[in-house]
Amino acid sequence: MAIPSEIIKTEKRLVKKIYQSFKGLATLLATSIEGGELENSLIIQLSFDKLVPAITSELKSLYNRSGRKIKAKLNLQTGLEYVVDQAVKYIEYKKYVMLWNSKLSITQTTKEHIAEVVAKGVWKWKSYNEIAEDVRMQADAGVLSKARSQLIAVREAGESYEEARLTTLKKHLQETGEKAEKIRDTVNDDKVTEQCRTNEAMGWIMEEELFKSGDNIAPRNTNPRCRCSTNYRII
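In this text the structure is predicted, and so the values were computed from the model without any measurement.

Peer 1: Which residues make up the overall build of the protein, and what are the values?
Peer 2: Counting its secondary structure elements, the protein contains seven helices and three strands. When the helices and strands of the protein are placed in sequence order, the string is α-α-α-α-α-α-β-α-β-β. Its C-alpha atoms give the protein principal-axis dimensions of about 65 × 40 × 25 Å. With 235 residues in all, the protein has 49% of them scored as buried. Taking the contacts inside the protein whose residues are at least 6 apart along the sequence as the reference set, 74% of them involve residues at least 24 apart. Counting every atom, the protein has about 12200 Å² of accessible surface; 54% of that belongs to carbon and sulfur. Separation of charge centres in the protein, based on 38 positive and 32 negative side chains, amounts to 3 Å.

Following this line, the structure appears as structure tokens:
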């Protein structure tokens, strides 16, 4: 199944915003290290204080479009005001996760990787300038790279799109007492994992059931590159 155009467009904008921020962060960190300051947590935090609103504004827009789309496709009774309200709540949650060093958040992961790069440099008796260069290299092939920007964009856009669909559907089911089934669809290319293919092979299952991977909806929790989608039908 093709990736929804809303996700693709959002991913492209997110990659651009995230990578521009990463390059700026790499420069700030390297300059700080060249000046003899090896503690960079504050610089990273301030950089993400600016980046996170840019990320979440894109996710909020995608969440709203996704909720409206499934409402129209399945003729759901869920009110549009509910979709808008849930989008706000979802974004507030994402801001908290990203900004306040929650486990596996973008900010926390970045801090840990940069700290590791600096620690290795110190352990090898490298000069400040050499360690600064190691940090700059992270913007080419590391924690501040375009590849990681793409990874973050894919994950965040996929989660936002899927959460909106599920939340909007569940509200309808709660209000009407109806039941729904779901199916997992892959993009059917050579990057699809065996576990994702197994989920797809299950066919239609009840909405409340889990897929073989243990996930309720796409993307898979254990695969940050998962491009699967979850589709629904009222029964």
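Peer 1: So what's going on with helix H5 (residues 128-141)? Residues and values would help.
Peer 2: Under the 1.5 Å per step criterion, the end-to-end length of H5 is 20 Å for 14 residues, consistent within 8% with the ideal 20 Å. Restricting attention to buried positions, one finds in H5 the residues Ile 131, Ala 132, Val 135, Gln 138 and Ala 139. Burial along H5 is one-sided: seen end-on, the buried residues are contained in an arc of 115 degrees. Along H5, exposed side chains directed more than 90 degrees from the buried face belong to Asp 140 and Ala 141.

Peer 1: Go over the packing of aromatic side chains with me, naming the residues and quoting the values.
Peer 2: A ring pair, where both rings are aromatic, is described by two values, the distance of the centres and the angle of the planes. For the structure shown, the criterion picks out two aromatic pairs. Ring centres of Phe 22 and Phe 48 lie 6.3 Å apart, and the angle between their planes is 65 degrees; on these two criteria the pair is classed as edge-to-face. Placement of Phe 22 in helix H1 (residues 5-34) and of Phe 48 in helix H2 (residues 41-73) is noted, with a sequence separation of 26 residues between them. Of the residues examined, Phe 22 reaches a relative accessible area of 0% and is grouped as buried. You can call Phe 48 buried: its relative accessible area is 2%.

Conventions and cut-offs
- Residues numbered from 1 in each chain as written.
- Predicted model: local features only at pLDDT ≥ 70, side-chain atom pairs only at ≥ 80, totals over all residues.
- Heavy atoms only, no water.
- Helix = DSSP H or I, 4+ residues; strand = E, 2+ residues; numbered from the N terminus.
- Buried < 20%, exposed > 50% of the residue type's maximum accessible area, 1.4 Å probe, protein only.
- Contact = heavy atoms within 4.5 Å.
- Areas by Shrake-Rupley, 256 points an atom, 1.4 Å probe, with all protein chains shown as cover.
- Lys, Arg positive; Asp, Glu negative; His and termini not counted.
- Charge placed at Lys NZ, Arg CZ, Asp CG, Glu CD.
- Expected span 1.5 Å × (residues − 1).
- Arc of directions from axis to C-beta.
- Phe/Tyr/Trp six-rings, centres within 6.5 Å; stacked < 30°, edge-to-face > 60°.

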